[in-house]
Amino acid sequence: MAVYTEVSDAELAAFLEHYDLGRARALKGVAEGVENSNFILRTEAGVYILTLYEKRVDAACLPFFLGLMNHLSARGLDCPQPVPMRSGGALGELNGRPAAIVTFLEGVCRDRPDARDCAELGRALARLHLAAADFKGVRENTLGPSAWPQLFAPVAARADDLSPGLQTTIARELAYLAANWPEGLPRGVIHADLFPDNVLFLGAEISGLIDFYFACVDYLAYDLAVCLNAWCFSPEGRFDAAKATAFFDAYRALRPLSAAEARALPVLARGAALRFALTRLVDWLNVPPGALVTPKNPLEYVGKLEFLQQACGPADLGLALEPGA
């Protein structure tokens, strides 16, 4: 989450006229994240999240995101629910941006998740994939492998300003992934951005999954690769095999992985690391003046990529193949 677009008292009051939430009592910007403008909104009816959609979020995709949250919530997954307007729709406009209000979920994010937290995550991700299996919406992954060269092209010449040799490192990895990306793996709706700051805990249990604005249809195993990168390295960049094994075992207890998915994990993990290195590089070099946003260092994911390039198979990443696989 972040704040790129400010909202005045008058603009907010006019927007809330479309809802049965009463008058605003407080509005506070949230600086975490990098994509949309987000606020904690307190009204006479309660506490909510107000989001103004910008940057990489295509307005045409918003019905998919909002519909997915409703679908998952109806199937018992703890995630935000879009708040309907008096018209019955969930999407409006505020300060020239598409905007929506969703329910507020209680909980805190884990700064340093441990193996038990990773097992909780594995179960939650499997439940998400299973609950979304009959969702009818379709959205391709606009930040998948076909998009990575286009992301890199505008910033390639400046990459070495951040770290000498980075341009060559990324160019070589793009070529490797283009030649080795797997085909024919099971597909379905994935979250695609399930970082620790998008998972809420109350005590030892997950209380909610948030920020579905990169959700799409892609390889289900790619979602595991994203989580492996986001959850199974220490803040210092060391891979933690115990956390990875806890995550994979908990996931597979609810949704078994095929042998092909397991074998593809090292390549998928490299792709996930590159995806976040690239988007962070773009954001690092293009922070809008005055934006309330903290860009994230792309070199964190370059370091993870360098580790993943050494993996010979899924066992090196904490995933044991099933007998006979």
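Let us look at the structure shown here. (Residues numbered from 1 in each chain as written. Predicted model: local features only at pLDDT ≥ 70, side-chain atom pairs only at ≥ 80, totals over all residues. Heavy atoms only, no water.)

## Side note on the overall build of the protein chain
Quick note on the threshold: Helix and strand labels come from DSSP, where a helix needs a run of H or I of at least four residues and a strand needs a run of E of at least two; each type is numbered from the N terminus. Only protein chains enter the calculation, and the probe is 1.4 Å; a residue is then buried if its accessible area is under 20% of its type maximum, exposed if over 50%, and partly exposed in between. It only takes one pair of heavy atoms within 4.5 Å for two residues to be counted as in contact. Only the protein chains shown count as cover for residues, with accessible areas throughout obtained via the Shrake-Rupley method and a probe of 1.4 Å.
When you go through the protein chain residue by residue, the secondary structure sums to 10 helices and nine strands. By its C-alpha atoms, the protein chain is 60 × 45 × 35 Å across when sized along the principal axes. Looking at the 325 residues of the protein chain, the share that counts as buried comes to 54%. Long-range pairs, those at least 24 residues apart, make up 73% of the contacts in the protein chain with a sequence separation of at least 6. Of the roughly 14200 Å² of accessible surface on the protein chain, 52% is carried by carbon and sulfur atoms.

## Details of empty space enclosed by the protein
It is the rolling of a water-molecule-sized probe over the atoms that shows where space remains empty. What counts, and what does not: Grid points spaced at 1 Å over the protein atoms alone were grouped into cavities, where a 1.4 Å probe fits but cannot get out, and pockets, open sets with protein on both sides within 12 Å along at least five of seven lines, with lining residues defined by an atom within 4 Å of a point. Grid points are joined across faces, edges and corners, and a volume is the space filled by probe spheres set on the points. In this classification, the charged set is Asp, Glu, Lys and Arg, the nonpolar set is Ala, Val, Leu, Ile, Met, Phe, Trp, Tyr, Cys and Pro, and all remaining amino acids, among them Gly, are polar.
Inspection of the entire model under this criterion finds two cavities of 30 Å³ or more. Here the largest cavity defines a volume of roughly 60 Å³. A per-class count over the lining of the largest cavity returns four nonpolar, two polar and two charged.

## A word on helix α6 (residues 166-180)
The following threshold applies: Expected helix span is given by 1.5 Å per residue-to-residue step, counting one fewer step than there are residues. Here the arc refers to the directions that run from the helix axis out to each C-beta atom.
With 15 residues, α6 extends 21 Å from end C-alpha to end C-alpha; this agrees with the ideal 21 Å at 1.5 Å per step. Among all positions of α6, only Leu166, Ile170, Glu173, Leu174 and Leu177 are buried. For α6, the angular spread of the buried residues around the axis is 105°, confining them to a single face. Exposed positions of α6 whose direction lies more than 90 degrees from the buried face are Arg172 and Ala179.

## Points about the environment of Arg139
What counts here: For the purposes of these results, a polar contact is taken to be a pair of N or O atoms within 3.5 Å, where, inside protein, one atom must be able to donate a hydrogen and its partner to accept one; residues adjacent in sequence count only when each atom of the pair is a side-chain atom.
Positionally, Arg139 belongs in the loop between α3 (115-131) and α4 (148-152). Considering only alpha carbons, one finds Arg139 and Leu224, 85 residues apart in sequence, at a separation of 19 Å. Of note is the side chain of Arg139, whose polar atom sits 2.8 Å from the backbone oxygen of Ala215.

## Section: the nonpolar core
Put simply, the test is: Side-chain atoms within 4.5 Å are what join buried Ala, Val, Leu, Ile, Met, Phe, Trp, Tyr and Cys residues into a set we call a nonpolar core.
Counting 94 residues, the largest nonpolar core has Leu68, Leu72, Trp148, Phe152, Leu209, Leu228 and Trp231 as its most contacted members. At 14 residues, the largest contribution of residues to this core is made by helix α9 (residues 259-284). Setting aside residues no more than four positions away along its own chain, Leu68 makes contact with Ala132, Phe135, Val189, Phe212 and Ala215. Residues Leu41, Tyr48, Leu50 and Leu94 belong to the second largest nonpolar core, which totals 16 residues.

## Thoughts on unusual backbone geometry
Keep in mind that most residues, glycine aside, have a negative phi and that most peptide bonds are trans. The phi torsion at Asn95 lies on the positive side, around 55°, for a residue other than glycine. With respect to the helices and strands, Asn95 occurs in the loop between β4 (92-94) and β5 (97-103). Positive phi outside glycine occurs at Asp211, with the angle close to 60°. Inspection of the secondary structure assignment puts Asp211 in the loop between β8 (205-209) and β9 (216-219).

## Focus: the layout of surface pockets
Space inside the second largest pocket adds up to approximately 600 Å³. When residues of the lining of the second largest pocket are traced back to their parent elements, those giving at least two are α7 (220-231) and α10 (299-308). If you tally residues by element for the lining of the second largest pocket, the top one is α10, at three residues. The residue inventory of the lining of the second largest pocket, partitioned by class, reads nine nonpolar, two polar and 12 charged.

## Some details on the side chain of His191
Positionally, His191 belongs in the loop between β6 (187-190) and β7 (199-202). For His191, the side chain forms a polar contact with the main-chain oxygen of Asp211, separated by 3.0 Å. Other than its neighbours up to four places away in sequence, His191 contacts Leu128, Asn198, Ile210, Asp211, Phe212, Phe214, Ala215 and Asp223.

## Focus: the side chain of His129
The residue His129 is located in helix α3 in this model. Taking the relative accessible area as the measure of exposure, His129 reaches 5% and is therefore buried. Discounting residues that sit within four places of it in the chain, His129 has contacts with Val189, Ile190, Leu220, Asp223, Leu224 and Tyr251.

## Brief notes about the sheet that holds strand β3 (residues 46-52)
Heads up, the condition is: Any two strands between which DSSP finds at least two bridges are classified as paired. What counts as an axis is a line fitted to C-alpha atoms, over the stretch in contact for a helix, and the angles between N-to-C directions run from 0 to 180 degrees.
Taking strand neighbours across the sheet as the criterion, the five strands line up as β1-β2-β3-β5-β4 in an open arrangement whose pairing is antiparallel. The sheet is open, and its two edges are formed by β1 (24-29) and β4, each paired on a single side. Strand-to-strand twist across the sheet, computed as the mean angle between neighbouring axes with direction ignored, equals 35°. Bridging between β3 and β5 involves five bridges; their strand directions are antiparallel. Looking at the pairing, Leu50 lines up with Ile101 of β5. Packing against the sheet, helix α1 (residues 9-16) makes contact with β1, β2 (37-43), β3, β4 and β5, and its axis sits at approximately 170° to β4.

Function-wise, these values are silent; they only describe arrangement.
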